[in-house]
Amino acid sequence: MHEVSNNYSTSPRELTCVQKVNIRALTLVACKRLPGEPDIMLGSYFQRNFMLPLDDSSQYLWRVVLVDTTTHKVVSAYTGSVGDEGGIRIDNDQIWLDTARYYLNDGTRAVGVRLDIGYASRYAEGGASGYMTLFVREQEKLQPVLKSLPMNYWTNQEGHFSVTDEPVPIHQAKVYINIGNKISHGYRDLKLTTKVKDKMSDQYFSDVYEKAWSFEQTLKFDGKAYQGFKSWP
């Protein structure tokens, strides 16, 4: 996923919200009103990229917008790009809007957009999805401060599936975000709890769970974005 320049106009008709999305090249839309701001709608969508030279990583524009529903104007926006490349697949029901209480400081509440676009082939050594990005509003721009954090991921501890169809050990992880008390460069730390299930899995996805464990880590804001994420301790 890549950030691109924000030079594209957005028609409010493109955000006629979920049920009426039949616009050519607009593949998926999600909309949600902001808590405490009933006139502001958070929207996100993928759109076929006919504006930039195509490669595997930029086949779709990814837009995140705040729309004033009283004026039908976009008041803040972000543009990125994604593509059907290794580990990524664009399909239906993949955009989820998260308006939980992400207060990064007393005056800044971030909004989250989670993209369930991860894809793993049958014989993959691991995979990830639920890529979470947290945005803060900076006038006409939505600025990503947490970028594409995988909320779900797994890895094959042996690095491959056995050619004899024997079960292999898998780590399966799910991440939860909480807001800490300490502040770095103006924003509170993010406290991550990762809950892991260890299981034995075969090529036919028959699973036997063995144990559950968890670990915690802290992400600090460096003035531009949150840094320090590790998949495993």
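Each remark here, short or long, concerns the structure printed above.
Here's a quick rundown of the structure. (Residues numbered from 1 in each chain as written. Predicted model: local features only at pLDDT ≥ 70, side-chain atom pairs only at ≥ 80, totals over all residues. Heavy atoms only, no water.)

Considering the overall build of the protein chain
We apply this condition: Strands here are runs of E lasting at least two residues and helices are runs of H or I lasting at least four, both read from the DSSP assignment and numbered beginning at the N terminus. Each residue is placed in one exposure class: buried if its accessible area under a 1.4 Å probe, protein chains only, is under 20% of its type's maximum, exposed if it is over 50%, and partly exposed if it falls in between.
Helix and strand content of the protein chain: 0 helices and 13 strands. N-terminal to C-terminal, the α/β element order of the protein chain is β-β-β-β-β-β-β-β-β-β-β-β-β. Per-residue burial for the protein chain yields a buried fraction of 46% across its 233 residues.

Description of the pairing of strand β8 (residues 126-138)
Which entries qualify depends on this criterion: What makes two strands pair is DSSP finding at least two bridges between them.
The pairing of strand β7 (residues 108-115) with β8 spans 5 bridges and is classified as antiparallel. Within β8, the residue paired with R114 across the bridge is M132. Of the pairings in the sheet, the one linking β8 to strand β9 (residues 141-156) comprises 11 bridges and is antiparallel in character. Looking at the pairing, E138 lines up with K141 of β9. Here β8 hands over to β9 after 2 residues, with Q139 in that stretch at a positive phi of 55 degrees.

What about the side chain of D68?
We apply this condition: We treat Lys and Arg as the positive residues and Asp and Glu as the negative residues; His and chain ends play no part in the count. Here, a salt bridge means any side-chain nitrogen of Lys or Arg that lies within 4 Å of a carboxyl oxygen of Asp or Glu. Note on contacts: a residue pair is in contact if any heavy atoms of the two residues lie within 4.5 Å.
For D68, the location among the structural elements is in strand β4 (residues 60-68). At 7.4 Å, R137 is the nearest oppositely charged side chain to D68, a buried residue that forms no salt bridge. Ignoring any residue separated from it by four or fewer positions in sequence, one finds D68 in contact with D39, I40, K73 and V75.

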